[in-house]
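Residues per chain are reported as follows:
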Amino acid sequence: TNIQNIPKKLRHLFIADEGKVLVQADQAGAEAMIVGYLCTQGNFRTLFLEGIKSHVFVAMRLFPDVWSAELGRSIDEFCEAPFMAKMVCHASNYGMKAPTFRTNMLQKSQGAIALESKEAKRFLNTYHKLFPEINQWHNETVERLKETRTLKNLFGYPRYFTGIIDESMYKEAYAFVPQSTVGCITNLAFVELQNRQDLQELGVDVLQNNHDSVLLQCAPEHSEFVAQEAMKHLNREMISPRGERFSMRSEAMIGDNWKEMIDV
């Protein structure tokens, strides 16, 4: 069945077969990393080169007073800050405007976060001031869309955009290359892992494609090896539109069920 969109809080219901554990390998910061290389060299890409998660950096800039006041103390009560920052990153990278961003935030937080209009605008404006190269990439994408109506992801797969070229199409265009490239990486890894005879002989089962991750199960004594191999298949080399070579990064987790997993 299609279990890609199972909420995380329900994933403890999915357990490994008897005598096996679940292994999940994820692309790390996948779409955001690709955006960093679709843009010219700038602050956004520098975060990835320095090993800094973009949403953590943005959270520090969105809530400077909070962080400075609480530095050196528990930050458990601020767990919404990374969530909000991730939403800001995603919304800004794909051209979302403040009203839609407010609605999206309300829905994704299940009503817990209701931003005022001026605050939503401040969040998005702060992001674009930090990373002006994002708007430059947006402009380049729109120009290409108007010239050819065709965009290609980083594996060369094209999409032809039909219909009226307007603001709604721009958003689809911004999202196409990062999202489809991430999906291709996972699909390729999924097929390669399924076809590996050595993994079949170890009793490894390839279970699920989650857009930017793959879920497998195997005997506990093979779990770390399987995790490493799955990560290798995700860590694909790509070439940016300017000929810059870079590789996807990944991380892995192991557990008896799909929710309670530990990083390896």
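### As for the sheet that holds strand β8 (residues 250–255)
On the basis of which strands lie adjacent, the open sheet formed by five strands has the order β4-β5-β1-β8-β9 and antiparallel pairing. This sheet does not close on itself; its edge strands, each paired only once, are β4 (205–209) and β9 (261–263). In this sheet, adjacent strand axes meet at a mean angle of 25° when their direction is disregarded. Sheet analysis places β4 next to strand β5 (residues 213–218), joined by four bridges and oriented antiparallel. From the neighbouring strand, aspartate 205 faces β5, where its bridge partner is glutamine 217. Packing against the sheet, helix α9 (residues 167–195) makes contact with β1 (21–27), β4 and β5, and its axis sits at approximately 165° to β4.

### Details of the environment of valine 182
With respect to the helices, strands and loops of the structure, valine 182 is situated in helix α9. Beyond its immediate sequence surroundings of up to four residues, valine 182 is in contact with Gln27, Ala30, Glu31, Ile34, His211 and Asp212.

### Points about the packing of helix α3 (residues 54–62) against helix α7 (residues 117–130)
Running from amino to carboxyl end, α3 crosses α7 at an angle of 120°, the nearest separation of the two axes being 10 Å. In terms of orientation, α3 and α7 fall into the oblique class. You can see that α3 and α7 cross each other, and the crossing is right-handed. Residue-level contacts link Phe57, Val58, Arg61 and Leu62 of α3 to Arg122, Phe123, Thr126, Tyr127 and Leu130 of α7. Residues that form the contact of α3 with α7 fall into these classes: six nonpolar, one polar and two charged.

### A look at the pairing of β1
Extensive coverage of β1 is indicated by the burial of seven of its seven residues. Side chains of β1 alternate between two faces, with Val21, Val23, Ala25 and Gln27 and Leu22, Gln24 and Asp26 buried alike. Looking at chain direction, β1 and β5 are connected through six bridges and run antiparallel. Bridging across to β5, glutamine 24 finds its partner in leucine 215.

### Some points on the pairing of β8
Of the strand pairs in this sheet, β1 and β8 are connected by six bridges, and their pairing is antiparallel. Bridging across to β8, glutamine 24 finds its partner in methionine 253.

### A word on the pattern of salt bridges
As a working rule, side chains carrying opposite charge can pair if their charged atoms are close by. As enumerated under the stated definition, the model contains eleven salt bridges in all. Here aspartate 198 and arginine 196 are joined by a salt bridge, their closest N and O atoms 2.6 Å apart. Owing to a relative accessible area of 33%, aspartate 198 belongs among the partly exposed residues under this scheme. Taken together, the shared-partner salt bridges in this structure form one network comprising Arg196, Asp198, Glu229 and Lys232.

### A few points about the packing of aromatic side chains
Aromatic ring pairs are reported here in terms of the distance separating the ring centres and the angle at which the planes meet. Considering all chains together, one arrives at nine aromatic pairs under this definition. Between phenylalanine 44 and phenylalanine 131, the aromatic rings sit 5.0 Å apart at their centres with planes inclined by 75°, giving edge-to-face as the arrangement. Linking phenylalanine 44 in helix α2 (residues 43–49) with phenylalanine 131 in the loop between α7 and α8 (133–148), this pair joins segments that are 87 residues apart in sequence. The buried category is assigned to phenylalanine 131, whose relative accessible area is 1%. Taking the centre distance of 6.1 Å and the plane angle of 50° together, the rings of phenylalanine 57 and phenylalanine 131 count as tilted. In this pair, phenylalanine 57 sits in helix α3 while phenylalanine 131 sits in the loop between α7 and α8, placing the two residues 74 residues apart along the sequence. According to the relative accessible area criterion, phenylalanine 57 is partly exposed, its value standing at 21%. Members of the aromatic cluster, joined through ring pairs, are Phe44, Phe48, Phe57, Tyr127 and Phe131.

### Let's talk about the packing of α8 against α9
Relative orientation of the contacting elements α8 and α9 amounts to 105°, with a least axis distance of 10 Å. On the basis of the axis angle, α8 is roughly perpendicular to α9. Contact residues: Trp137, His138, Thr141, Val142, Leu145 and Lys146 in α8; Met169, Tyr170, Ala173, Tyr174 and Pro178 in α9. Its residues assigned to classes, the contact of α8 with α9 comprises eight nonpolar, two polar and one charged.

Conventions we followed
- Residues numbered from 1 in each chain as written.
- Predicted model: local features only at pLDDT ≥ 70, side-chain atom pairs only at ≥ 80, totals over all residues.
- Heavy atoms only, no water.
- Pairing = 2+ DSSP bridges.
- Helix = DSSP H or I, 4+ residues; strand = E, 2+ residues; numbered from the N terminus.
- Axes fitted to C-alpha atoms, helices over the stretch in contact; angles between N-to-C directions.
- Contact = heavy atoms within 4.5 Å.
- Parallel < 35°, antiparallel > 145°, perpendicular 65-115°, else oblique.
- Left-handed = near helix turned anticlockwise from the far one by under 90°.
- Nonpolar A, V, L, I, M, F, W, Y, C, P; charged D, E, K, R; others polar.
- Buried < 20%, exposed > 50% of the residue type's maximum accessible area, 1.4 Å probe, protein only.
- Salt bridge = Lys/Arg side-chain N within 4 Å of Asp/Glu carboxyl O.
- Phe/Tyr/Trp six-rings, centres within 6.5 Å; stacked < 30°, edge-to-face > 60°.

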